[in-house]
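Topology and contacts: notes
Given next are the chains, with one letter for each unit.
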Amino acid sequence: MSHKLGQNRRLLITTIVTLLIWGHIAWDYFHGGIPTHYLFHDANMPGIPNWLGGIVLPFFTYFLLYRMHKRIDSPNSKENVQQVVLSFLASALIAISISICFMNEIDVIDYIMVALFILAFFKPLYKAEYLLGWVLGSSFTFGAIIPIGFGSLICLLFFLFYKVGSGLGSLLKAKN
């Protein structure tokens, strides 16, 4: 086994994410206080402070990196690190785009999400690199906990959509 995403790389990436999230929390603390995010953007709902994401995000990052490692470094894997990195970057860019649209009140988020759900029928958007890209790309705007929860639910839906799409595709191939 080549250990393309071995223990040292996973720890390095997790350390970088940890330093970035706690750096962001420290910046917030010294510049007006640590923000609290609310479910559904409703102040009547329970608040989730950003420091909680600083505790959870490193463990979540390491867990997803471990899942990627197990998949990529398996002997019969057809994937390589470059594909995983590109998938991660694409997901992070989409999450950043959604975050920018949300902060600037641009009403295209619904269209982006519909496009993702349509794409989920054809591409396995439920994989760990997509979820990690989503969480890291949107945690600056929404904290870490809300993207982890929302992203996990969306990944479950993407998994179901992909399996339905694959099933319909194989059914159509068998018919021809």
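Look up: the structure comes first, before these words.
Parameters and conventions
Residues numbered from 1 in each chain as written. Predicted model: local features only at pLDDT ≥ 70, side-chain atom pairs only at ≥ 80, totals over all residues. Heavy atoms only, no water. Patch = residues over 30% accessible without salt bridge, like charges linked within 9 Å, V, L, I, M, F, W, Y side chains within 5 Å. Areas by Shrake-Rupley, 256 points an atom, 1.4 Å probe, with all protein chains shown as cover. Salt bridge = Lys/Arg side-chain N within 4 Å of Asp/Glu carboxyl O. Helix = DSSP H or I, 4+ residues; strand = E, 2+ residues; numbered from the N terminus. Buried < 20%, exposed > 50% of the residue type's maximum accessible area, 1.4 Å probe, protein only. Expected span 1.5 Å × (residues − 1). 1 Å grid on protein atoms, 1.4 Å probe; cavity = no way out; pocket = protein on both sides within 12 Å on 5 of 7 lines; lining within 4 Å. Points joined across faces, edges and corners; volume = space filled by probe spheres on them. Core = buried A, V, L, I, M, F, W, Y, C linked by side-chain atoms within 4.5 Å. Contact = heavy atoms within 4.5 Å. Phe/Tyr/Trp six-rings, centres within 6.5 Å; stacked < 30°, edge-to-face > 60°. Nonpolar A, V, L, I, M, F, W, Y, C, P; charged D, E, K, R; others polar.

A surface patch of nonpolar side chains, amounting to about 690 Å² of accessible area, comprises Val114, Ile118, Phe121, Phe122, Val164, Leu168 and Leu171. Those elements that provide at least two residues to the nonpolar patch are helix 4 (109–119) and helix 6 (145–175). In terms of residue count, the dominant contributor to the nonpolar patch is helix 6 (three residues). Mapped onto the elements of the fold, Ile118 is located in helix 4. Residue Ile118 is classed as partly exposed on the basis of its relative accessible area, which comes to 49%.

A few words now on helix 2 (residues 50–72). For helix 2, which comprises 23 residues, the first-to-last C-alpha distance of 32 Å matches the rise-based estimate of 33 Å (1.5 Å per residue) to within 8%. Within helix 2, burial applies to Asn50, Gly53, Gly54, Leu57, Pro58, Phe60, Thr61, Leu64, Leu65, Met68, His69 and Ile72.

All right, on to the layout of surface pockets then. Put simply, the largest pocket is a space of about 750 Å³. The calculated volume of the second largest pocket comes to roughly 470 Å³. Forming the walls of the second largest pocket are 21 residues, and the residues nearest its centre are Ile13, Val17, Phe88, Leu132 and Leu136. Those elements that place two or more of their residues in the lining of the second largest pocket are helix 1 (7–30), helix 2, helix 3 (81–103) and helix 5 (128–142). At seven residues, the largest contribution of residues to the lining of the second largest pocket is made by helix 1.

Core analysis: the largest hydrophobic core is formed by 28 residues, its most contacted members being Leu57, Leu64, Met68 and Val135. Elements that contribute at least two residues to this core include exactly helix 1, helix 2, helix 3, helix 4, helix 5 and helix 6. Not counting the four nearest positions on each side in its chain, Met68 is found in contact with Leu5, Val84, Ala128, Glu129 and Leu132.

All told, the structure shown has eight aromatic pairs when counted by the stated rule. Judged by centre distance (4.8 Å) and plane angle (25°), the ring pair of Phe121 and Phe161 falls under stacked. Here Phe121 is found in the loop between helix 4 and helix 5, whereas its partner Phe161 is found in helix 6, with 40 residues between them in sequence. Exposure remark for Phe121: the relative accessible area of 30% places this residue in the partly exposed category. In this structure Phe161 comes out as partly exposed when scored by relative accessible area, which is 25%. With 5.8 Å between their ring centres and 55° between their planes, Tyr126 and Tyr162 make a pair best called tilted.

Let us look at helix 1. Taking 1.5 Å of rise per residue, 24 residues should cover 34 Å, and helix 1 covers 34 Å from first to last C-alpha, within 8% of that figure. Each element contacted by the buried residues of helix 1 is listed here: helix 2 and helix 5. Looking one or two residues past helix 1, Gly32 carries a phi angle of roughly 115°, positive in sign.

Our focus in this paragraph is empty space enclosed by the protein. Throughout the structure, instances matching the rule amount to one cavity of 30 Å³ or more. Lining the largest cavity we find His37, Ile48, Pro49, Asn50, Gly53, Phe142, Gly143, Ala144, Ile145 and Ile146. Contributions of two or more residues to the lining of the largest cavity are made by strand 2 (47–49), helix 2 and helix 6. When grouped by side-chain class, the residues that make up the lining of the largest cavity number six nonpolar, four polar and no charged.

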